[in-house]
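Descriptive structure summary
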Amino acid sequence: MHVLIKNTLIITTFILLACNTTRVVKPLDMGEKQLGVSIGGAMIKFVGVPMPLPLTNVFGAYGLNNKTTAFASLHTTALMFGVFQTDIGITQHLLKQKKYIPGISISPIANLMFDRWDRNFSFYPQLDLNAYWNYGKKQNLIYTTLNNWFELRNTKAHNETQTTHWLPSIGVGHQWIGNKLSWQMEAKYIAPNQSNKNIVVDYIGMGSQGTFGLYIGVSRKF
Amino acid sequence: MKKVITIIFILIMGLTSCLRLDSQLFNSQELSEYKFDLYTGNRELGTLPETYSVADSMRHLVTFISNSSEGAAKLYGVYLGDLQHIATDTVILYCHGNAKHMDNYWSRAKLLAHVGGKHRYGVLMFDYRGYGMSEGKSSENNIYADVDAALKWLQSKGLTSSRLLVYGYSLGSAPSTEVASNAYSLKPIKLLLEAPFASSAVMVQDGSKLALPGSYFTSAKINNAEKIKNVKIPFMWLHGTADSFLSINTHGEVVYKNYGGTKSEALRVIGAEHGDLPSILGYDNYVNAVYNFIVK
């Protein structure tokens, strides 16, 4: 009965959260540039069929030095709905990889949104912690990431109390390094601390908690 | 440089942002003919027991014109009862949900035609623009114009505000709360809302778990939770505790809590989903609960 309304709302409600691959897991070299696109999102049932939301975005990154990379993005699907959304941040190298001991990086990120309709502005700070291993001749990358979104508002619609302030996602991913292009695939488990029941969206999670997410991306370094 | 960035930003926003969810909030289906009892598609509550039958002679397909800023449209409605008695009867105006058309809600209208006994109250149900045989395109503003057209039709048949009750189910809670909270052709003396929306913003926030503005996704507000603050007439709220579409906690309870009057009644039906509250409660119990509220 309510299939249509559900299916249209789910396409949008997770536009803003966990809607892309991890931008930069391992910092670029100083002066190095990277441009990329990614597509994917939370796993939902669309007309009964499980699928990831096809949320798209483009991003660019620049190596400020060998340990720090700055990046910024434009969320193109959100843009089609009149919402300008970007995530701007840096990835900071913390620990160098030593054989099986992973390299560690951290990414503080500002997620900014602004809609053209009512001119509502939103800011969500995000902090990602990444662990990665380079391997093989091409230095492919396998990584795991802990993304943390923070909701700073204390109230939501109708002055009700906003009780959720932390939305974590746990992800694993892989980057295949090519001569020109690098391909990236990532799977996440989004908001495992949140119930996915009795809401308008049919998320696919483990039992009644959270939802899975699936993403692919491609990028090129210059 | 600042000007260039501003211009680029405006161009990007202006040229690319054309998608909105508004029209998708209205899950209508066109019909070339209403079938009522003979409708064979899936419908809310399925087929009722024979005791809730409505004779063909007491079922009247009616039409009226709805005028809004988007133009005029011919709407279809069905009146259950004796048309000649509208000038003296109490009438329940039933605003249906967002799915399909009146055939889908026919069983619900028949139940209301049995509140207090068969045809104790007249019942008018109608299709919003774009639903069933009604012309035009659905929008939030249009459903408010459409409900006013229904009120005007009742008024033209002799109904006065003192004999009007409004019952809104799901999406129908929007036009129902609107006419109960603002000035329209008639003002109901009692309001009943079953499984109401709080607002489109709550739908978005339920789905995202974040306090996101609803404007990121839809221009429709469906802001019952605020409008109900202006409702002073007696109010009955019915909601299933297992509603997986419009959560009882984030939608229904907020609407109930924000009610601006002093005479309210809540019926939380344990285990009922969004569309099956009358059957989970039991048809007789449901009809009696509505009747008890009306005569209280």
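Residues numbered from 1 in each chain as written. Chains lettered and ligands numbered in written order. Predicted model: local features only at pLDDT ≥ 70, side-chain atom pairs only at ≥ 80, totals over all residues.

1. Some points on helix 7 (residues 248–258) of chain B
Which entries qualify depends on this criterion: Put plainly, a residue is buried at 20 or more neighbouring C-beta atoms within 10 Å of its own, exposed at 12 or fewer, and partly exposed in between, counting only other residues' C-beta atoms, which are placed from the backbone. Counting from the N terminus, the helices are DSSP H or I runs at least four residues long and the strands are E runs at least two residues long. Residues are scored as being in contact if the C-beta atoms we place from backbone atoms lie within 7 Å.
Of the residues making up helix 7 of chain B, those classed as buried are Ile248, Thr250, His251, Gly252, Val254, Val255 and Tyr256 of chain B. Here the buried face of helix 7 of chain B lies against strand 8 (190–194), helix 5 (200–208), helix 6 (224–227), strand 9 (235–240) and strand 10 (264–269) of chain B.

2. Quick look at the confidence of the model for chain B
Under the convention used in this document: pLDDT measures how confident the predictor is about each residue, on a scale from 0 to 100.
Per-residue pLDDT for chain B averages 93, and the proportion of residues at 70 or more is 92%. Here the predicted complex carries an ipTM of 0.83, next to a pTM of 0.86.

3. So, the environment of Pro192 of chain A
Residues and elements named next belong to chain A. Inspection of the secondary structure assignment puts Pro192 in strand 10 (residues 181–195). Between the alpha carbons of Pro192 and Lys67 there is a distance of 31 Å; along the sequence they are 125 residues apart. Other than its neighbours up to four places away in sequence, Pro192 contacts Gln209 and Gly210.

4. Structural notes on unusual backbone geometry
Residue and element names in this part refer to chain A. For His158, which is not a glycine, the phi torsion comes out positive at approximately 60°. Summarising the element assignment, His158 is placed in the loop between strand 8 (140–150) and strand 9 (166–177). Residue His158 is classed as buried on the basis of its C-beta count, with 21 C-beta atoms lying within 10 Å.

5. Overview of the pairing of strand 7 (residues 164–169) of chain B
Residue and element names in this part refer to chain B. Put simply, the rule reads: Any two strands with at least two DSSP bridges between them are considered paired. If you view a crossover with the strands going away from you and the path from the first strand over the helix to the second runs clockwise, you call it right-handed.
Within strand 7, six of the six residues are buried, which leaves it mostly tucked inside the rest of the structure. Neither face of strand 7 is left uncovered, since the one carrying Leu164, Val166 and Gly168 and the one carrying Leu165, Tyr167 and Tyr169 both have all their residues buried. Summarising the sheet, strand 4 (residues 91–95) and strand 7 pair through five bridges and their orientation is parallel. Bridge assignment links Ile92 to a residue of strand 7, and that residue is Leu165. Where strand 7 lies against strand 8, five bridges are found, and the strand directions are parallel. Across the sheet, the residue bridging to Tyr169 is Glu194, located in strand 8. This β-α-β element, strand 7 to helix 4 (residues 173–181) to strand 8, shows right-handed connectivity.

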